[in-house]
Amino acid sequence: MKSLIICKSIHVGNTEKIAKRMAKVLDADVIEPKETEINSLKEFDLIGFGSGIYSYKHHGSLLNLADKLPDLHGKKVFVFSTSGVIMNKFHDDLKQKLERKNAVIVDEFFCKGFNKNSFLKYIGGMNKGRPNEKDFKSAEAFVMKIKEEVEKDIKSGMQS
Ligand SMILES: Cc1cc2nc3c(=O)[nH]c(=O)nc-3n(C[C@H](O)[C@H](O)[C@H](O)COP(=O)(O)O)c2cc1C
């Protein structure tokens, strides 16, 4: 199966670390939204979209990319993020945009990330050391489960 991870990580590289661990399991490349050739996405069986959370949302470049995507015809995708606190609604914008392109969101992954934004830098930041090894293991298990499901679908001819 062919997978791709599209990731934007601008603060301290938290989300990139998670993306790279996921990519190892999936044998996938990690690319930035600006490097994404939207017309070549059809060759992938699974695509992950992730970034840090900035003002309650994924990064603008990832949201803009989702707006520009062609119809994804039931393509399996997953959404992930790292953030200071975990709130389900942080994923809403990106999920809605992907659903509008007829992607199937198979699952989503949230993870705490070190945050030294704004005043937090004066107090040593929050979530020091996150993502940590336990987070990486959770990220790996998350994609492993999806990988097994997609491979099963491909075998049974359900994947287009
Ligand atoms: C400009 C900015 C805005 C942020 N806004 C939020 C936010 O709204 N909610 C939150 O939980 N964390 C917020 N954070 C914390 C980041 O989501 C967190 O540190 C994340 O792990 C950063 O990922 P990155 O290193 O991949 O960019 C913000 C960080 C920055 C720099």
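Each remark here, short or long, concerns the structure printed above.
For clarity, every value in this text was computed on a predicted model and none was experimentally measured.

Caption draft 1: Spotlight on the packing of helix H2 (residues 60-68) against helix H3 (residues 92-100). Closest axis-to-axis distance for the H2/H3 pair is 8 Å, and the angle between their directions is 15°. By the criterion of interaxial angle, the relationship of H2 to H3 is roughly parallel. Where H2 crosses over H3, the two elements pack in a sense that is left-handed. Facing Leu 62, Leu 63, Ala 66 and Asp 67 of H2, the residues of H3 in contact are Asp 93, Leu 94, Lys 97 and Leu 98. Partitioning the contact of H2 with H3 into residue classes produces five nonpolar, no polar and three charged.

Caption draft 2: Summary view of the site of the ligand. The ligand sits among 21 residues. The nearest are Ser 9, Thr 15, Ile 53, Tyr 54 and Thr 82. A distance of 2.5 Å is found between an oxygen atom of the ligand and a side-chain nitrogen or oxygen belonging to Tyr 54. Taking 640 Å² as the accessible area of the ligand by itself, protein coverage stands at 87%. Where the shell around the ligand is concerned, the elements lending two or more residues are helix H1 (14-26) and strand S4 (76-83).

Caption draft 3: Layout of the environment of Ser 138. Within the fold, Ser 138 resides in helix H4 (residues 133-155). In this structure, the C-alpha to C-alpha distance between Ser 138 and Phe 110, residues 28 residues apart in sequence, is 9.8 Å.

Caption draft 4: Expanded view of the packing of aromatic side chains. Under the definition given, this model contains four aromatic pairs. Ring centres of Phe 78 and Phe 80 lie 5.9 Å apart, and the angle between their planes is 35°; this geometry places the pair in the tilted category. You'll find Phe 78 and Phe 80 in the same group, each marked buried. Taking 5.3 Å as the distance between ring centres and 45° as the angle between the ring planes, the aromatic pair formed by Phe 109 and Phe 142 counts as tilted. Of this pair, Phe 109 sits in strand S5 (residues 104-112) while Phe 142 sits in helix H4, and the two are 33 residues apart along the sequence. Taken together through their ring pairs, the aromatic side chains of Phe 78, Phe 80, Phe 109 and Phe 142 make up a single cluster. Stacked on the ring of Phe 44, the Lys or Arg Lys 2 has its end atom at 4.9 Å from the ring centre. Of note, Lys 89 hangs over the ring of Tyr 56, and the distance from its end group to the ring centre comes to 5.8 Å.

Parameters and conventions
Residues numbered from 1 in each chain as written. Predicted model: local features only at pLDDT ≥ 70, side-chain atom pairs only at ≥ 80, totals over all residues. Heavy atoms only, no water. Axes fitted to C-alpha atoms, helices over the stretch in contact; angles between N-to-C directions. Helix = DSSP H or I, 4+ residues; strand = E, 2+ residues; numbered from the N terminus. Parallel < 35°, antiparallel > 145°, perpendicular 65-115°, else oblique. Left-handed = near helix turned anticlockwise from the far one by under 90°. Contact = heavy atoms within 4.5 Å. Nonpolar A, V, L, I, M, F, W, Y, C, P; charged D, E, K, R; others polar. Near = heavy atom within 4 Å. Polar contact = N/O pair within 3.5 Å; in protein donor to acceptor, adjacent residues only side chain to side chain. Areas by Shrake-Rupley, 256 points an atom, 1.4 Å probe, with all protein chains shown as cover. Phe/Tyr/Trp six-rings, centres within 6.5 Å; stacked < 30°, edge-to-face > 60°. Buried < 20%, exposed > 50% of the residue type's maximum accessible area, 1.4 Å probe, protein only. Lys NZ or Arg CZ within 6 Å of the ring centre and 35° of its normal.

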